[in-house]
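Given next are the chains, with one letter for each unit.
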Amino acid sequence: MPSGKRNGFSVMDDLDQLYQDILMDHYKHPRNREVLCDDEVLADEENPLCGDQIRISARLQDGRIAEIRFDGKGCAISQASASMMTETLKGKTVEEAHTLIEQFIRAMRGERDFADDLPDDVRALNGVRKYPIRIKCATMSWRSMRHALAKLSP
Ligand code: ZN
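Our subject in this report is the structure included herewith. (Residues numbered from 1 in each chain as written. Predicted model: local features only at pLDDT ≥ 70, side-chain atom pairs only at ≥ 80, totals over all residues. Heavy atoms only, no water.)

Attention now moves to the overall build of the chain. Along its length, the chain carries seven helices and three strands. Overall, the chain is about 45 × 35 × 25 Å in size when its C-alpha atoms are taken along their principal axes. Split into buried and exposed, the 154 residues of the chain put 50% on the buried side. Considering only contacts within the chain whose residues lie at least 6 apart along the sequence, 61% involve residues at least 24 apart. (Helix = DSSP H or I, 4+ residues; strand = E, 2+ residues; numbered from the N terminus. Buried < 20%, exposed > 50% of the residue type's maximum accessible area, 1.4 Å probe, protein only. Contact = heavy atoms within 4.5 Å.)

Below is the structure:
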């Protein structure tokens, strides 16, 4: 697959089949993804190493994340992780979301394991830890959401 390398599929070839399937499902059918207008965007992050871009919009209601949407382009890992992030954090309180973001980023950095406190789908990114250059692809949407939350709930 010659075009694969650019899209991160070379990494994915190395992952367990089950995890590949989960990642590809999120990549091909991203959850909570839509085109965002500039004035809706709360956080915008780019990963120049890979050409990835993630833009986040969110809305709080009664202290919970009532709405979370992303827009972006880039490799399969970056886009799949953004989709997983929106599913994981939607409906959570701001405090719960900050905890989950921290747990995820620490897991991606290898500072802890992917444990039961992270959803099954998210654990599909475990294998990406073997590729340090790809870790940013997986974490950028989560970091971006942290910035968005800081604006919504300073
Ligand atoms: Zn990437």
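For the rest of this paragraph, the subject is the environment of Ile 105. Its place among the elements puts Ile 105 in helix H5 (residues 94-108). The class for Ile 105 is buried, based on a relative accessible area of 2%. Apart from residues no more than four positions distant in its own chain, Ile 105 is found in contact with Thr 139, Trp 142, Arg 143 and Arg 146.

Attention now goes to the packing of helix H4 (residues 76-89) against H5. A pair of packed helices is captured by two measures, namely the crossing angle of their axes and the spacing between those axes. Where H4 contacts H5, the two axes come as close as 10 Å, and the packing angle between them is 145°. Viewed along their axes, H4 and H5 form a crossing whose handedness is right-handed. In this structure, H4 contributes Ser 81, Thr 88 and Leu 89 to the contact, and H5 contributes Ala 97, Leu 100, Ile 101 and Phe 104. Residues belonging to the contact of H4 with H5 are distributed by class as follows: five nonpolar, two polar and no charged. (Axes fitted to C-alpha atoms, helices over the stretch in contact; angles between N-to-C directions. Left-handed = near helix turned anticlockwise from the far one by under 90°. Nonpolar A, V, L, I, M, F, W, Y, C, P; charged D, E, K, R; others polar.)

All right, on to the packing of aromatic side chains then. This structure, assessed with the given rule, holds two aromatic pairs. Here Phe 104 and Phe 114 contribute two aromatic rings whose centre-to-centre distance is 6.2 Å and whose plane-to-plane angle is 75°, an arrangement assigned as edge-to-face. One end of the pair, Phe 104, is in helix H5; the other, Phe 114, is in the loop between H5 and helix H6 (120-123), and 10 residues separate them in sequence. Looking at Phe 104, the relative accessible area reads 0%, which means it is buried. Ring geometry for Phe 104 and Trp 142: centres 4.0 Å apart, planes at 15°, overall stacked. With Phe 104 in helix H5 and Trp 142 in helix H7 (residues 132-152), this residue pair connects regions lying 38 residues apart in the sequence. Taking the relative accessible area as the measure of exposure, Trp 142 reaches 0% and is therefore buried. Here the aromatic residues Phe 104, Phe 114 and Trp 142 are joined through ring pairs into a cluster of three or more. (Phe/Tyr/Trp six-rings, centres within 6.5 Å; stacked < 30°, edge-to-face > 60°.)

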